[in-house]
Amino acid sequence: MLSTPLQTITFFQRFESDILAGKKTITLRDASESHFYAGQVVKVANLETGHCYAELEITSVGWVDFDDLNPLHAQQENMSLAALKSLIRTIYPGIQQLYQINFIRRN
């Protein structure tokens, strides 16, 4: 039986150490990345270099409104709420609804 290659999810390189340490356990994305699903195992790579450094298991997915982001989201992203909102506005200007992907590191 042939196995299907793992999909890859990318993160800015600056998040690599947080992911490897288990300090970053969610990511907030736009609708273009809403194809991930709970139970899926994905490779994780740096956006800038393509370097793969771990596998993640998606534990849950759902939608969250930008205005509903709270300190728990920030903690799961391993940053302050102000920093999280600023980063989202930089990456996704004007976006209101975000796709929340929760994950754990597998290796």
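You'll find the structure just up there.
So, how was this worked out
Starting from 1, residues in each chain are numbered consecutively following that chain's sequence as written. In keeping with the predicted nature of the model, local features appear solely for residues at pLDDT of at least 70, side-chain atom pairs appear and are counted solely at 80 or more, and the whole-chain, interface and lining totals rest on all residues. Excluding hydrogens and water, the side-chain figures rest on all heavy atoms present in the structure. Helix and strand assignments follow DSSP, with helices taken as H or I runs no shorter than four residues and strands as E runs no shorter than two, numbered in order from the N terminus. Radius of gyration here uses only the C-alpha atoms, and the compact-globule reference equals 2.2 Å multiplied by the residue count raised to the power 0.38. Any residue under 20% of the maximum accessible area for its type is buried, any over 50% is exposed, and the rest in between are partly exposed; the area is computed with a 1.4 Å probe on protein chains only. Residue contacts follow a heavy-atom distance rule, with two residues in contact if any of their heavy atoms lie within 4.5 Å. In this description, accessible areas are obtained by the Shrake-Rupley approach with a 1.4 Å probe, and a residue is regarded as covered only by the protein chains that are shown. When charges are counted, neither His nor the chain ends are considered; positive counts come from Lys and Arg and negative counts from Asp and Glu. The atoms used to mark charge sites are NZ of Lys, CZ of Arg, CG of Asp and CD of Glu. Ring pairs are drawn from Phe, Tyr and Trp, using the six-membered ring of Trp, whenever the two centres fall within 6.5 Å, and their geometry is named by plane angle: stacked under 30 degrees, edge-to-face over 60, tilted for the rest. Here, a charge over a ring is recorded when the distance from Lys NZ or Arg CZ to the ring centre is within 6 Å and its angle to the ring normal is within 35 degrees. A pair is scored as a salt bridge if a Lys or Arg side-chain nitrogen falls within 4 Å of a carboxyl oxygen belonging to Asp or Glu.

Draft legend 1. Summary view of the overall build of the protein. Each helix and strand counted, the protein has three helices and five strands in total. Starting at the N terminus, the α and β elements of the protein follow one another as β-α-β-β-β-α-α-β. The C-alpha radius of gyration of the protein comes to 14 Å, within 12% of the 13 Å expected for a compact globule of 107 residues. Its C-alpha atoms give the protein principal-axis dimensions of about 45 × 25 × 25 Å. Out of the 107 residues in the protein, the part that is buried amounts to 38%. Of the contacts made within the protein by residues no fewer than 6 positions apart, 71% connect residues no fewer than 24 positions apart. Carbon and sulfur atoms make up 53% of the accessible area of the protein, which totals about 6000 Å². Counting 9 positive and 11 negative side-chain charges, the protein places the centres of these two groups 4 Å from one another.

Draft legend 2. Structural detail: the packing of aromatic side chains. For the structure on display, the rule yields three aromatic pairs. A ring pair is formed by phenylalanine 12 and phenylalanine 15, whose centres lie 6.4 Å apart and whose planes are at 45°; its orientation type is tilted. Residue class for phenylalanine 15 comes out buried when judged on its relative accessible area of 8%. The lysine or arginine in question, arginine 29, covers the ring of phenylalanine 11, its NZ or CZ lying 4.8 Å from the ring centre. We note arginine 89 situated over the ring of phenylalanine 66; from NZ or CZ to the ring centre the distance is 3.6 Å.

Draft legend 3. Just the pattern of salt bridges, in detail. Inspection of the entire model under this criterion finds two salt bridges. We note a salt bridge from arginine 29 to glutamate 33, for which the minimum N-O separation is 2.9 Å. A residue is classified by how much of its surface remains accessible, and arginine 29, at 6% relative accessible area, is buried. Since its relative accessible area comes to 18%, glutamate 33 is described here as buried.

Draft legend 4. Structural view of the environment of leucine 20. The residue leucine 20 is located in helix H1 (residues 16–20) in this model. Looking at leucine 20, the relative accessible area reads 31%, which means it is partly exposed. With sequence-adjacent residues up to four places away left out, leucine 20 is seen in contact with Tyr53, Ala54 and Arg105.

Draft legend 5. Structural detail: unusual backbone geometry. Positive phi is not limited to glycine here, since asparagine 78 has a value of about 60°. With respect to the helices, strands and loops of the structure, asparagine 78 is situated in the loop between helix H2 (71–77) and helix H3 (81–91).

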